[in-house]
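# Survey of secondary and tertiary structure
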Amino acid sequence: MKPTECTTILVGKDATIDGSTMIARSEDGGRTIIPERFDVVMPADQPKHYESVISHQKIDDEDLLPNPLRYTSAPDASGENGIWAAAGINSDNIAMTATETITTNSRIQGIDPLLEKGGLGEEDFVTLTLPYIHSAYEGVERVGYLLEKYCTYEMNGMAFSDKDEIWYLETIGGHHWAARRIPDDAYVIAPNRLNIDEFYFDNDDFASSKDLKDLIEEYHLNPDLEGYNLRPIFGSSTIKDAHYNNPRAWYIHNYFDPGFGGEPSDQDQPFICHANRKISIEDIKWAESSHYQDTPFDAYGDQGTPEQKKTFRPIGINRNFETHILQIRNDVPEEIAGVQWLAFGPNTFNSMVPFYTNITTTPASFQTGPKFDLNKIFWLNKLTAQLGDTNFRVYGELEADFEQKSLAQCHKIQHETDKEIENYSGDELQDKLNKANQKMADTVYNNTVELLGNMVNEGHGLMTLKYDLLD
């Protein structure tokens, strides 16, 4: 089974700089490199029969609905552990990211244990949901149905968005779930813990399995004197949370709102938060790339002791294998509203590409294979990251210049394409967007090659294995 320990960021349309909805997640793995690719799944290619690779759970054919939508995805390159589609946007401009591995506690596991055999997991949810939904809330309904019918063997969080709404859902035990709508003016940071806190059962902005409230009452699960807070009811508050999960949220809360304060290990950081400014794509990318800069906890910094630098798990980490920002825009025609910003490899050393999702193919450099291949951006990014990690003080500035240059060039291509599409429709429009995606992919690939060359030139004189007569 593939370990995935990610960081999710959600931003409502009134909290973003351009009025779009944005849902983002870094897809992280374990010590073994897990290559990721970028695909578009056409309706004819959607599975007609489905069985999970990990759990061997078979899906009834009637639950693979007719007339599936086209959608983008970011699956594992090997496919040996299943599809793991991760994230995408369908042809109705509905986005989904799945999943965020989350926590649980022994009380709910004693009542509704995770399945030991069968059930659904992260490998399945996007493939079984995204091609069949036409709004963000339909994503909640679809996953809720699947969970109640087939159940799950792991705890997960996931998000859905359309041009107006964002919904976040968390699984609870083997059979239950809860979800809430993210307010339009708010943002969310969701690390690897159960994240939903205050919950209202008689409110249209909240949804859950029908018997969830009764289950809480019957088994005396609520420690609070009044109201419902799902985090202490179903989640955890452990030393691991204090070091592995909470600090990631704390750091980004203080980036989006310097007055947030608090301590890195605080267990009760709020789920719904408000920034002191409008949030941009660049803000989210910076957050997903962060490693506690300007604190004693930065592994690359000079403020802390060696022990402090290993105290808290950062968001930007060597185990970032794929990161996306799914953006549904409100200031352009619906044919170009969906944009899947995508980057492979450790976020501290890469750049995102804003791919249009109304497409029929993806650039070859993003069609990663499982073997090392420097023609593929995934492997190129891994190489630059591992070289950059050897001397961040030297290579960090080169990377920062590379990322700003790449984002600026992609923005320019995107702006030009947005203005030109009024002359295109149907297949011609998709061909235009395919070519724009190719141009942006080529731009970032070539910039990355240039970055690697600059790093090699800069590092030549810094090698330990050297001897000059003038030394």
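What comes next concerns the included structure. Since we're looking at a predicted model, the values are computed, not measured. The residue numbering used here restarts from 1 in each chain and proceeds along that chain's sequence as written. At least 70 in pLDDT is required for a residue's local features to be given in this predicted model, at least 80 for side-chain atom pairs to be given and counted, and no such filter applies to totals for whole chains, interfaces and linings, which use all residues. Values reported for side chains reflect all heavy atoms of the structure, with hydrogen atoms and water molecules removed beforehand.

Moving on, we get to the overall build of the chain. For the chain, the count of helices and strands is 10 helices and 16 strands. We compute the radius of gyration from the C-alpha atoms alone; for a globule the expected value is 2.2 Å times N to the 0.38, where N is the number of residues. In terms of overall size, the chain behaves like a compact globule, its C-alpha atoms giving a radius of gyration of 22 Å where 471 residues would be expected to give roughly 23 Å. Seen through its C-alpha atoms, the chain measures out along the principal axes to roughly 80 × 60 × 40 Å. In the chain, 71% of the contacts between residues at least 6 apart in sequence involve partners at least 24 apart. Accessible surface area values rest on a Shrake-Rupley calculation with a 1.4 Å probe, where residue burial reflects the displayed protein chains alone. In the form shown here, the chain has an accessible surface area of approximately 19,700 Å², with 50% of it arising from carbon and sulfur atoms. Positive and negative charge centroids in the chain, built from 40 and 77 side chains respectively, lie 4 Å apart. In DSSP terms, a helix is any run of H or I states spanning at least four residues, a strand is any run of E spanning at least two, and both are numbered starting from the N terminus. Note on contacts: a residue pair qualifies if any of its non-hydrogen atoms lie within 4.5 Å across the two residues. In this count, Lys and Arg are taken as positive residues and Asp and Glu as negative ones, while His and the chain termini are left out. By convention, the point assigned to a charge is CZ for Arg, NZ for Lys, CD for Glu and CG for Asp.

Salt bridges are identified by distance alone: a Lys or Arg side-chain nitrogen within 4 Å of an Asp or Glu carboxyl oxygen. Across all of its chains, the model carries 19 salt bridges by this definition. Residue Asp431 pairs with Lys435 through a salt bridge whose shortest N-O separation is 3.3 Å. Placement of both Asp431 and Lys435 in helix H10 (residues 426–459) is noted, with a separation of 4 residues, approximately one turn of the helix. Here the term buried applies to any residue with accessible area under 20% of the maximum for its type, exposed to any over 50%, and partly exposed to those in between, with areas from a 1.4 Å probe on protein chains only. Residue Asp431 is classed as partly exposed on the basis of its relative accessible area of 37%. Taking the relative accessible area as the measure of exposure, Lys435 reaches 55% and is therefore exposed. Ionic contacts of the salt-bridge type, sharing partners, join the residues Lys13, Lys163 and Asp164 into one network.

The patch calculation keeps residues exceeding 30% relative accessible area without a salt bridge and links them within 9 Å when they carry like charges or within 5 Å when they are nonpolar (Val, Leu, Ile, Met, Phe, Trp, Tyr). A grouping of Glu148, Asp211, Asp214, Glu217 and Glu218 is seen on the molecular surface, where their side chains present a negatively charged patch. For Asp211, the position within the fold is in the loop between strand E13 (206–208) and helix H4 (212–218).

This next bit is on helix H3 (residues 136–150). In this analysis, the expected span of each helix is defined as 1.5 Å times one less than the number of residues it contains. Helix length check: H3 (15 residues) gives 21 Å between terminal C-alpha atoms against 21 Å at 1.5 Å per residue, within 8%. Listed in full, the buried residues belonging to H3 are Ala136, Gly139, Val140, Arg142, Val143, Gly144, Leu146, Leu147 and Tyr150. One or two steps after H3, the chain reaches Cys151, where phi turns positive at roughly 70 degrees.

Here we take up the pairing of strand E1 (residues 7–11). Summarising burial for E1: 5 of the 5 residues are buried, a large majority. As paired strands, E1 and strand E2 (residues 21–28) are joined by 5 bridges and run antiparallel to one another. Note on E2: the bridge partner recorded for Ile9 is Ala24. Pairing between E1 and strand E12 (residues 187–190): 4 bridges, direction antiparallel. Criterion used throughout: strands pair if DSSP finds at least two bridges between them.

On the surface, Phe372, Leu374 and Leu383 cluster together into a nonpolar patch covering about 260 Å² of accessible area. Structurally, Leu383 is set in helix H8 (residues 377–388). Look at Leu383 and you get partly exposed, because its relative accessible area is 32%.

Stacked, tilted and edge-to-face pairs are distinguished by plane angle, under 30 degrees for stacked and over 60 for edge-to-face with tilted covering the rest, among Phe, Tyr and Trp rings (Trp via its six-membered ring) whose centres lie within 6.5 Å. Applying the stated criterion across every chain, the model contains 25 aromatic pairs. For the pair Trp250 and Tyr251, a centre-to-centre distance of 6.3 Å together with 45 degrees between the ring planes defines the contact as tilted. In this structure Trp250 comes out as buried when scored by relative accessible area, which is 13%. Taking 6.4 Å as the distance between ring centres and 80 degrees as the angle between the ring planes, the aromatic pair formed by Tyr300 and Phe349 counts as edge-to-face. One end of the pair, Tyr300, is in the loop between helix H7 (281–289) and strand E14 (320–328); the other, Phe349, is in the loop between strand E15 (338–344) and strand E16 (353–356), with 49 residues separating them in the sequence. On the accessibility criterion, Phe349 (5% relative accessible area) is buried. Charge-over-ring contacts are defined here by two conditions on Lys NZ or Arg CZ: a distance within 6 Å of the ring centre and an angle within 35 degrees of the ring normal. Looking at Lys240, its charged tip hangs above the ring of Tyr244, at a distance of 5.3 Å from the centre. A cation sits over an aromatic face here: Arg277 above Tyr255, 4.8 Å from the ring centre.

The subject of this paragraph is the sheet that holds strand E11 (residues 176–181). One open sheet holds the 6 strands; their spatial order is E7-E8-E9-E10-E11-E13, and the pairing between them is antiparallel. In this open sheet, the two edge strands, each paired with only one partner strand, are strand E7 (87–89) and E13. Strand after strand, the sheet turns through a mean of 15 degrees between neighbouring axes, direction not considered. In the sheet, E7 pairs with strand E8 (residues 95–101) via 3 bridges, with the strands oriented antiparallel. Among the inter-strand pairings, Ile89 is bridged to a residue of E8, identified as Ala95. Its contacts with the sheet put H3 on E8, strand E9 (156–161), strand E10 (166–172), E11 and E13, and the angle it makes with E10 is roughly 10 degrees. As a rule, the C-alpha atoms of each element are fitted with a line to give its axis, helices using only the stretch in contact, and angles between N-to-C directions run from 0 to 180 degrees.

Bringing the sheet that holds E15 into the picture now. A sheet is described by the order of its strands in space; here 6 strands give the open sequence E12-E1-E2-E14-E15-E16, paired in antiparallel fashion. The open sheet has two free edges, formed respectively by E12 and E16, since each of these has just one partner strand. For this sheet the average axis-to-axis angle between neighbouring strands, irrespective of direction, equals 15 degrees.

Here we take up the nonpolar core. In plain words, nonpolar cores are sets of buried Ala, Val, Leu, Ile, Met, Phe, Trp, Tyr and Cys residues tied together by side-chain atoms within 4.5 Å. In this structure, Leu10, Tyr168, Ile182, Leu230 and Phe234 are the most contacted members of the largest nonpolar core, which totals 33 residues. Elements with a contribution of two residues or more to this core: E7, E10, E12, H4, helix H5 (230–234) and E14. Excluding its chain neighbours within four sequence positions, the residues that come into contact with Leu230 are Ala178, Leu194, Ile196, Asp197, Phe199 and Gly235.

To continue, consider the packing of H8 against H10. Running from N to C, H8 and H10 point in directions that differ by 25 degrees, and their axes come no closer than 10 Å. Here H8 lies roughly parallel to H10, going by the angle between them. In terms of crossing hand, the pair formed by H8 and H10 is left-handed. For the pair formed by H8 and H10, the contact residues are Ile377, Leu380, Asn381, Leu383, Thr384, Leu387 and Gly388 on the first element and Val444, Tyr445, Thr448, Val449, Leu452, Met455 and Val456 on the second. Amino acid classes used here: Ala, Val, Leu, Ile, Met, Phe, Trp, Tyr, Cys and Pro are nonpolar; Asp, Glu, Lys and Arg are charged; the rest, including Gly, are polar. Partitioned by chemical class, the residues of the contact of H8 with H10 number 10 nonpolar, 4 polar and no charged. Put simply, angles under 35 degrees are roughly parallel, angles over 145 are roughly antiparallel, angles from 65 to 115 are roughly perpendicular, and the rest are oblique. Each crossing gets its handedness from the near helix: less than a right angle anticlockwise from the far helix is left-handed, clockwise is right-handed.

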